[in-house]
Amino acid sequence: RRRGLSTGAMAKYGASFATAASAEVTLRFPPAVSARQRAILHAVAEANGVPHASAGDGEGRSISLGSGARVVEVLPEDVPDDEALCALLAEHLRVSPEASRRAFAAPAPRGDGRDRATRSVGEATVGSSFATSPASASAASMDVAAFVRRTLELLELEREAEEEQGEAILRGMRPETAQKKGRALLGLKCVDVRGGFYGKTIVTLELASRGSVNVSQSGMSTNGGGKNSGAPPLPPHKLTPHDIVAIKANKGEPGGDPLCAGVVYRVRDAALEIAIDEAPESLDGTLRLERLANETSHKRLVD
């Protein structure tokens, strides 16, 4: 139990005296010490070179300071407040009462509410700052798993909402309006179909108003949509490489099924190149291109 300090004993305090005292005595505090008080005791012990450790879980959690053979069991009635803790530190571990009071008056250190492994001052190897019991580790693992599961559910809901919003915008406006807003291009024609990397098919689209296009037996157009193809420039749009797009019949319903979907591979002044997994049976006639919701960010977050 705590005893009063003599006047002579109050004369020698400090880190060097605390370190020496901690090698002779172990001060065990009861679970009645709050999490905030334990955090401050950890910080005070660290600052004075005193080994410190916590044990137990929940309401049964307690802290001990020092590593000496003489064990002092502190009773709950011995620690009614912070001042009593300061007195115990001064009496048994020679920690300056003024330094302890300053520590208790300051905000509690963050992250010290859990276990701290005992630190051996002066040794090359220092224990882990936090030692979590198996029960605590299991609970933490369950919390992380629940968090990940809930996050994936929310990400999927966000993806579906974004996709529905994009489709609703296109369904709710005329194709001409979608083109003015940069979300679509009308009056296009397929001028080239060729193989690309990783088995992709590259489809080149230009404005159909430039006239007829001769396509060779290999599927390549004679002018290929290049800089000298004579195609008029595309109208202003917001399509950029990696955008997800759908190719539809020019006069098809706004919400109708696309002929195919793919990714913008290259953007030129007079042509767009779209990478698709597999070309449809026919891309004849006038076409329109619509930008869809991009799932790249969603997939990266999920992965």
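The present account deals with the structure reproduced in this document. (Residues numbered from 1 in each chain as written. Predicted model: local features only at pLDDT ≥ 70, side-chain atom pairs only at ≥ 80, totals over all residues. Heavy atoms only, no water.)

**Here we look at the sheet that holds strand E6 (residues 201-207)**
Applied cut-off: The pairing criterion for strands is at least two bridges between them, as found by DSSP. For the purposes of this entry, the term helix denotes a DSSP run of H or I that reaches at least four residues, the term strand denotes a run of E that reaches at least two, and both are numbered from the N terminus. Only the contacting stretch of a helix is used when fitting its axis, a line to C-alpha atoms as for every element, and angles between N-to-C directions run 0 to 180 degrees.
Overall, antiparallel pairing links the six strands, which are arranged E5-E6-E9-E8-E7-E10 in a closed barrel. Taken pair by pair, the neighbouring strands of this sheet meet at an average axis angle of 50°, ignoring direction. Pairing analysis gives five bridges linking strand E7 (residues 244-249) to strand E10 (residues 287-291), with the strands arranged antiparallel. Bridge pairing links Lys248 to Arg288 in E10.

**A look at the state of the cysteines**
The condition that has to hold: Disulfides are defined as pairs of cysteine sulfur atoms found within 2.5 Å of each other. Partly exposed describes any residue whose relative accessible area lies between the buried limit of under 20% and the exposed limit of over 50%, with all areas from a 1.4 Å probe on protein chains only and scaled to the type maximum.
Using the criterion set out here, one finds zero disulfides in the structure. Free of any disulfide, Cys260 has its nearest cysteine sulfur in Cys190, 8.8 Å distant. Judged by its relative accessible area of 8%, Cys260 is buried.

**Here we look at the pattern of salt bridges**
What counts, and what does not: We define a salt bridge as a side-chain nitrogen of Lys or Arg found within 4 Å of a carboxyl oxygen belonging to Asp or Glu.
Scanning all chains against the criterion turns up 11 salt bridges. Of the charged contacts in the structure, one is a salt bridge between Glu153 and Arg150, with a shortest N-O distance of 3.3 Å. Residue Glu153 and its partner Arg150 are both found in helix H5 (residues 134-171); the two are separated by three residues, about one turn of the helix. Since its relative accessible area comes to 46%, Arg150 is described here as partly exposed. Close ionic contact of Glu273 with Arg266 constitutes a salt bridge, the shortest N to O distance being 3.8 Å. A cluster of three or more residues bridged by salt bridges with shared partners is formed by Asp192, Arg194, Arg266, Arg268 and Glu273.

**Some details on the pairing of strand E1 (residues 25-28)**
Taken together, the four bridges between E1 and strand E4 (residues 70-73) define a ladder with parallel strand orientation. Within the sheet, the bridge partner assigned to Leu27 lies in E4 and is Val72. Bridge count between E1 and strand E3 (residues 62-65): two bridges; the pairing is antiparallel. In the sheet register, Leu27 faces E3, and the bridge partner there is Leu65.

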